[in-house]
Amino acid sequence: MERHETDDTRSRIARMALAVALALVAALSLRKGKRLTGALAGVGALALGATATSETPDLTETLEIETASEGDKLRCAACGRPIRPGERRRPNANHETVHDTCVDSAE
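Quick notes on the rules
Residues numbered from 1 in each chain as written. Predicted model: local features only at pLDDT ≥ 70, side-chain atom pairs only at ≥ 80, totals over all residues. Heavy atoms only, no water. Helix = DSSP H or I, 4+ residues; strand = E, 2+ residues; numbered from the N terminus. Buried < 20%, exposed > 50% of the residue type's maximum accessible area, 1.4 Å probe, protein only. Contact = heavy atoms within 4.5 Å. Areas by Shrake-Rupley, 256 points an atom, 1.4 Å probe, with all protein chains shown as cover. pLDDT = per-residue confidence, 0-100. Disulfide = S-S within 2.5 Å.

## A word on the overall build of the protein
Moving on, step 1. A count of helical and extended segments in the protein gives four helices and two strands.
Moving on, step 2. Each helix and strand of the protein, placed in order from N terminus to C terminus, yields the pattern α-α-α-β-β-α.
Moving on, step 3. When each of the 107 residues of the protein is scored for burial, the buried share is 17%.
Moving on, step 4. Taking as baseline every contact in the protein between residues at least 6 positions apart, the subset at least 24 positions apart corresponds to 23%.
Moving on, step 5. Roughly 8,500 Å² of accessible area belongs to the protein as shown, and the carbon and sulfur atoms make up 57% of that amount.

Shown next as structure tokens:
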């Protein structure tokens, strides 16, 4: 068995154990009359149980969420390189998005 499979098995067991624990918390909270706590714990138990029993460990694949592809990334109009999240950028004179350094070098 490969290391990745062992890690996946351990992760799945941990998620199942947490789902069971949250289900118990939900049942006890609902029995005590704490509806909000019981409902939140129940939703958490369902989410963890769903991810633990699915074939794919990735939540985005489980929920079928599409992520941005390479072609969808924001690109600098001056140099053509992708603009990564957190990089400083601003519009140039033509109202195109460019890196701050590209605007400064063009002026």
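## Points about the confidence of the model for the protein
Moving on, step 1. With 73% of its residues at a pLDDT of at least 70, the protein reaches an overall mean of 80.
Moving on, step 2. Put simply, helix H3 (residues 59-62) is where the protein has its lowest mean pLDDT, 57, and helix H2 (residues 35-53) is where it has its highest, 90.

## Looking at unusual backbone geometry
Moving on, step 1. Positive phi outside glycine occurs at His95, with the angle close to 65°.
Moving on, step 2. Mapped onto the elements of the fold, His95 is located in the loop between strand E1 (89-91) and strand E2 (97-99).
Moving on, step 3. For His95, a relative accessible area of 70% puts it in the exposed group.

## Structural notes on the state of the cysteines
Moving on, step 1. One pass over the full model with this rule turns up zero disulfides.
Moving on, step 2. No disulfide involves Cys79; its sulfur sits 3.6 Å from the nearest other cysteine sulfur, which is in Cys76.
Moving on, step 3. The class for Cys79 is partly exposed, based on a relative accessible area of 36%.
Moving on, step 4. Free cysteine Cys102: the closest other cysteine sulfur is in Cys76, separated by 3.7 Å.
Moving on, step 5. Relative accessible area serves as the criterion here: at 11%, Cys102 is assigned to the buried category.

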